[in-house]
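Coordinate inspection notes
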Amino acid sequence: TESAQLAMSTADYPVTAGDIYLLSFAAGTTSVSYSFTVDTSYKLRVANLAVLNAAGKTFRKLKEEVETIVSKNYPLSGVQFMLVTPGTFKVLLKGEVDSVIEKTAWALTRVSDVVKGSFTPYSSERHIIVESAERKIYCDIFKARRNGDLQLDPYVRPGDTVTVGRIE
């Protein structure tokens, strides 16, 4: 629950495979409650009213869409949509590290959290690459920590591989 509260209060929390959501509303005088888990297709069935594609969306955006759909079909329904349990996933860490390892992460895990405790004396904080089928990001966690530029220390996503470079 603590991580669910953190996720719901973070404006850019990305919907993640494994997230468990709860949708509650009133259909006339009947209370309706649905619980569903986001799978890797990112398709969500909203109470037999619609199917949404949640890929690439933040929790806030998905919440707005779900609440709009339910409110249009059931006016004055008091719709509530919330994250019950954030999903977790594995991230591969390799390169100039003690050993190749899969680390468990969630959608608010940053690259610096993944590499923590895995550096060798030759590891570079300034040359880290995050790769997946959809993206390739060059990270500099030294500069992120020094200047507060969190774009240089991004969140990891399912399917990411983090490669730590060697000090030049």
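The following paragraphs examine the structure supplied in this document. A quick note: this is a predicted structure, and the numbers were derived from the prediction, not measured.

1. Remarks on the pattern of salt bridges
Overall, the coordinates contain eight salt bridges when judged by the stated rule. Between glutamate 67 and lysine 63 there is a salt bridge whose closest N-O contact spans 2.9 Å. Of this pair, glutamate 67 and lysine 63 are both found in helix H2 (residues 59-73), four residues apart, which corresponds to roughly one turn of the helix. Assessed through its relative accessible area of 26%, lysine 63 is described here as partly exposed.

2. Thoughts on unusual backbone geometry
At alanine 47, a residue that is not glycine, the phi angle is positive and equals roughly 45°. With respect to the helices and strands, the residue alanine 47 is situated in the loop between strand E3 (43-46) and strand E4 (50-53). In this model, leucine 76 sits at a positive phi of 60°, which is unusual for a non-glycine residue. Here leucine 76 is to be found in the loop between H2 and strand E5 (80-85).

3. Here's the deal with the environment of valine 79
As for its position among the elements, valine 79 is in the loop between H2 and E5. Given the relative accessible area of 15%, valine 79 is considered buried. When the C-alpha positions of valine 79 and glutamate 67 are compared, they lie 6.1 Å apart, and in sequence the two are 12 residues distant. Residues in contact with valine 79, not counting those within four places in the same chain, are Leu23, Ser24, Phe25, Glu67, Val70 and Ser71.

4. Some words on the sheet that holds strand E2 (residues 30-37)
Spatial strand order, E2-E1-E5: three strands in an open sheet with antiparallel pairing. Edge positions in the open sheet fall to E2 and E5, since each of these has one partner strand only. Direction aside, the axes of adjacent strands within the sheet are offset by 20° on average. With eight bridges joining them, strand E1 (residues 20-27) and E2 adopt antiparallel strand pairing. Within E2, the residue paired with serine 24 across the bridge is serine 33.

5. Details of the sheet that holds strand E8 (residues 123-131)
As summarised here, the arrangement of the five strands in space is E7-E6-E10-E8-E9, forming an open sheet in which the pairing is mixed. The open sheet is flanked by strand E7 (101-106) and strand E9 (136-139), the only strands paired with a single partner. For this sheet the average axis-to-axis angle between neighbouring strands, irrespective of direction, equals 25°. Pairing of strand E6 (residues 88-95) with E7, which is carried by six bridges, proceeds in the antiparallel orientation. By the bridge assignment for E7, lysine 90 is matched with threonine 104.

Reading the values: the criteria
- Residues numbered from 1 in each chain as written.
- Predicted model: local features only at pLDDT ≥ 70, side-chain atom pairs only at ≥ 80, totals over all residues.
- Heavy atoms only, no water.
- Salt bridge = Lys/Arg side-chain N within 4 Å of Asp/Glu carboxyl O.
- Helix = DSSP H or I, 4+ residues; strand = E, 2+ residues; numbered from the N terminus.
- Buried < 20%, exposed > 50% of the residue type's maximum accessible area, 1.4 Å probe, protein only.
- Contact = heavy atoms within 4.5 Å.
- Pairing = 2+ DSSP bridges.
- Axes fitted to C-alpha atoms, helices over the stretch in contact; angles between N-to-C directions.

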